Every structure is written in C-alpha cells, then in structure tokens.
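Coordinate analysis (summary)
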Amino acid sequence: MTTFDLPSGQRLSKSEDTRRRIVLGAAAVLVEKGYAATRLSDIAATVGMQAGSLYYHFDSKDDLVEEVLGFGVRYVHEYVRAAVEDLPDGLTAGERLYEAVAAFLDALLATGDLSPAHLRTFHQAPPDMQERLRPGRRDFGHYLDGLISAAVESGDVRSDIEIPVLRLFIINSLERVIDWPESLRERDGRSAVDMMRTLIFDGVRAPR
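Being a predicted model, the structure only gives us computed values, none of them experimental.

Scanning the protein chain for helices and strands turns up nine helices and zero strands. Looking at the protein chain as a whole, 41% of its 208 residues qualify as buried. Contacts in the protein chain between residues at least 24 apart in sequence constitute 66% of all its contacts with a sequence separation of at least 6. Of the roughly 11700 Å² of accessible surface on the protein chain, 50% is carried by carbon and sulfur atoms.

Next up, the structure:
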C-alpha cells in the first residue's frame, strides 16, 4: 500500500506525508525536465529537503520515478471504476460509458502533475520499469474495452469502429486535455468534461 491508498479520513504519519510531498515534487520536476534530466537534487530542492534525505524514503531515482508513474495510473483507474460502480441502476450501457469518460477526465485534472508526468516520462523510462508499469495500463484498457463492448451490444455506440481503436481514441483524446491552457480547462468547472464528451460521442458534425 502506498501513502496515497489510505482510507478516506485517515491521517498520514509524518513519514507518510513526507513521502507524499516527495512524490508530488518529483512529478513536477519530471513534467519540467523529463526523465533523463531529472536529478534527485532537483526534486529535493522542490520539496525543501536535502538530497540525501530522499534515500530514507526511496532507494534510488528510479524507485521514486516508478512510484510517481505507478500512482498516477492507479489513482485515475481506481477513480473511474469507483465512479462507474456508484452509478444508479437503470442506466444504459452507453450512459455508463458516457459517465466513465467524465470520471476519467475529472481524475486526470485532479492529479495535478502526476498525470502529465506519466505522459511525458513513461516512454523515457528504462524498459524494465515500463514493463513493470504496463500491467496496470493494460488492466484499465481491458476495463474500458468492456464498457465500450457493452455499449456497442446495446446499440448505444456504433458497431463499425473496432473497440480497441475507440478505446485508444478516448484515452489519447482525454490525456491531451491536461495540456490545454488553464483558461480553457478552468473557465467553468465542467466545461472541459462536457466538451470532450460531446466531441467523443457526437463528433463535430452540425445537426441537420
């Protein structure tokens, strides 16, 4: 269990809170510098610590980077699953997929630098680290495939687009929203979510 997996309302110990600050600081540095140029001294400076103190919490730079990348994925995926499970009974498969897309974008925007750090750093990370992180990415892909498949079978989503293609389109489209100017993302609490759901499910064709 990481410090981020604690039950809601449970207080972090001083050590756990420090570990969390280090992870968030490392995410900010990774977004700015990328994997190769990121140094532990940069991360330490960001969180107001001595570089040597980081080794009390993480064995190496790669250990810390893997925690950053892994947590960002876990948080987003668990957030989406929980949001879908909390939906009321009686919704169609298409409506469940629609709400999953909204939850996905909400989670991406809520993670601060964690999601951008994953997007920038994953393919720069060592191959063995990528392999350890891939199962979590694949699991969420399979989960989305199930939601899309159910929506196709119910007739809520067109059946002439391959499910993996639609899943990648949804994921890649939503992940890019975190690069939007803040004036677009924060103009209205739900504007980015509503806009992306409209684009994904209705496209850009004007109604006749």
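Our focus in this paragraph is the pattern of salt bridges. Inspection of every chain in the model, using the stated rule, returns eight salt bridges. A salt bridge links E66 to R132; the nearest nitrogen and oxygen atoms lie 2.8 Å apart. Here E66, found in helix α3 (residues 61-85), pairs with R132, found in helix α6 (residues 127-153); they are 66 residues apart in sequence, far enough to count as distant. Residue classification places R132 among the partly exposed positions, given a relative accessible area of 45%. Across the pair R134 and E131 runs a salt bridge, and its minimum N-O distance is 2.4 Å.

As a note on interpretation, predicted positions should not be read in detail where pLDDT is low. When pLDDT is averaged across the protein chain, the result is 85; 88% of the residues are at 70 or more. Within the protein chain, α6 carries the highest mean pLDDT (94), whereas helix α8 (residues 182-185) carries the lowest (66). In the model, residues 1-10 has pLDDT below 50 throughout and makes 15 contacts with residues more than four positions away in sequence or in other chains.

Inspection of the secondary structure assignment puts L133 in helix α6. Setting aside its immediate chain neighbours within four residues, L133 contacts E66, L69, G70 and F122.

Here the focus is a nonpolar patch on the surface. Where nonpolar side chains cluster on the molecular surface, the patch consists of M195, L199 and V204 and spans about 280 Å² of accessible area. Relative to the assigned elements, V204 resides in the segment after α9 (191-202).

Here is what the cut-offs are and how they apply
- Residues numbered from 1 in each chain as written.
- Predicted model: local features only at pLDDT ≥ 70, side-chain atom pairs only at ≥ 80, totals over all residues.
- Heavy atoms only, no water.
- Helix = DSSP H or I, 4+ residues; strand = E, 2+ residues; numbered from the N terminus.
- Buried < 20%, exposed > 50% of the residue type's maximum accessible area, 1.4 Å probe, protein only.
- Contact = heavy atoms within 4.5 Å.
- Areas by Shrake-Rupley, 256 points an atom, 1.4 Å probe, with all protein chains shown as cover.
- Salt bridge = Lys/Arg side-chain N within 4 Å of Asp/Glu carboxyl O.
- pLDDT = per-residue confidence, 0-100.
- Patch = residues over 30% accessible without salt bridge, like charges linked within 9 Å, V, L, I, M, F, W, Y side chains within 5 Å.

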